[in-house]
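# Structural features, examined
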Amino acid sequence: MFTSCLAKITNIEGRILSVSPVGTMNGKKPPEIHGVPLGLIGNEKNHSDYKLNTGDVVAIFFTTFSLDDFVANGSDECNSSIGKNDYNSAFAIPITFNNQSIALPESIRTVGNNIHKGNLNQEGTQDITGLCNSETDYVSAGVSGKNHSHKYNPGSNPPTDTAPPTKSAKEIGTGGML
């Protein structure tokens, strides 16, 4: 028996996978493995999580003892009645393998839609090529975008304050520019 292998995801139910190991073992195709828990990188309060799809190839690992009690009941009592590194002791982590040519980036790169929950602090410059939205207000250099106005001269009249926008840039369709 082996302790790790690559497997193609055949079904996803929540954080439980069904996988089909790739390749053969002693000339035979290993059976499909059901009930493979997908690990979380981090814990419930501080983690990174990734969307996987059927057809993705992931690394699966086999523990010395069965994970059945832990996965089903959250029990940390190990069931040692099965053989070591049995198919029933498999788990996966969200690392995929593919045969596509994806060049290594020069720096950290995130591809895909992202959801960030919690506060985000950034040092350095941020370049945005798309629309930047805020449901409440957007403050830049201490100036509120929601309540911000400019003065203009309507003809020969004295300078007058403009009103804040009544529609968002998204509604106007200006690509974020007002």
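Rules behind the numbers
- Residues numbered from 1 in each chain as written.
- Predicted model: local features only at pLDDT ≥ 70, side-chain atom pairs only at ≥ 80, totals over all residues.
- Heavy atoms only, no water.
- Helix = DSSP H or I, 4+ residues; strand = E, 2+ residues; numbered from the N terminus.
- Buried < 20%, exposed > 50% of the residue type's maximum accessible area, 1.4 Å probe, protein only.
- Contact = heavy atoms within 4.5 Å.
- Areas by Shrake-Rupley, 256 points an atom, 1.4 Å probe, with all protein chains shown as cover.
- Pairing = 2+ DSSP bridges.
- Axes fitted to C-alpha atoms, helices over the stretch in contact; angles between N-to-C directions.
- pLDDT = per-residue confidence, 0-100.
- Core = buried A, V, L, I, M, F, W, Y, C linked by side-chain atoms within 4.5 Å.
- Salt bridge = Lys/Arg side-chain N within 4 Å of Asp/Glu carboxyl O.

### A word on the overall build of the protein
Counting its secondary structure elements, the protein contains 2 helices and 11 strands. Put simply, the protein has 178 residues, and 17% of those count as buried. Partitioning the contacts of the protein with sequence separation of at least 6, the portion at a separation of at least 24 is 48%. When the accessible surface of the protein is split by element, carbon and sulfur atoms take 50% of a total near 14100 Å².

### Let's talk about the sheet that holds strand β7 (residues 90-97)
The antiparallel open sheet is built from 5 strands, whose spatial order is β3-β2-β1-β6-β7. With one partner strand each, in any of the chains shown, β3 (33-37) and β7 form the two edges of the open sheet. Each strand of the sheet is rotated relative to its neighbour by a mean of 50°, with strand direction disregarded. Taken together, the 6 bridges between strand β1 (residues 4-13) and strand β2 (residues 16-21) define a ladder with antiparallel strand orientation. For N11, the partnering residue across the bridge sits in β2 and is S18.

### Quick word on the confidence of the model for the protein
Of all residues in the protein, 76% attain a pLDDT of 70 or more, and the chain-wide mean is 79. Summarising per-element confidence for the protein, the mean pLDDT is lowest in helix α2 (residues 169-172) (60) and highest in β2 (94).

### Side note on the nonpolar core
Membership of the largest hydrophobic core comes to 14 residues, with the highest contact counts inside it found for L17, V19, I33, V36, I60 and A92. For this core, the elements supplying multiple residues, two or more each, are β1, β2, β3, β6 (57-62) and β7. Leave out the neighbours within four places in its chain, and V19 touches A7, K8, I9, T10, E32, I33, V36 and I60.

### Observations concerning the pattern of salt bridges
Two side chains of opposite charge can pair, provided their charged atoms sit close to one another. Following the criterion strictly, the structure yields 1 salt bridge and no others. The shortest N-O distance in the salt bridge between D49 and R15 comes to 2.9 Å. Taken together, the residues span a long stretch of sequence, with D49 in the loop between β5 (47-48) and β6 and R15 in the loop between β1 and β2 at a distance of 34 residues. You can call D49 partly exposed: its relative accessible area is 40%. The class of R15 is partly exposed, set by a relative accessible area of 32%.

### Focus on unusual backbone geometry
For N26, which is not a glycine, the phi torsion comes out positive at approximately 55°. Within the element layout of this structure, N26 appears in the loop between β2 and β3. Its relative accessible area of 77% is what places N26 among the exposed residues. Positioned with a positive phi, A141 is a non-glycine residue whose angle comes to about 50°. Mapped onto the elements of the fold, A141 is located in the loop between β8 (139-140) and β9 (143-144). Since its relative accessible area comes to 82%, A141 is described here as exposed.

### Remarks on the environment of V58
For V58, the position within the fold is in strand β6. Its relative accessible area of 0% is what places V58 among the buried residues. Separated by 34 residues in the primary sequence, V58 and A92 have C-alpha atoms spaced 7.0 Å apart. Once residues lying within four places of it in the same chain are set aside, the contact partners of V58 are C5, L6, A7, I9, L52, A92, I93, I95, T96 and F97.

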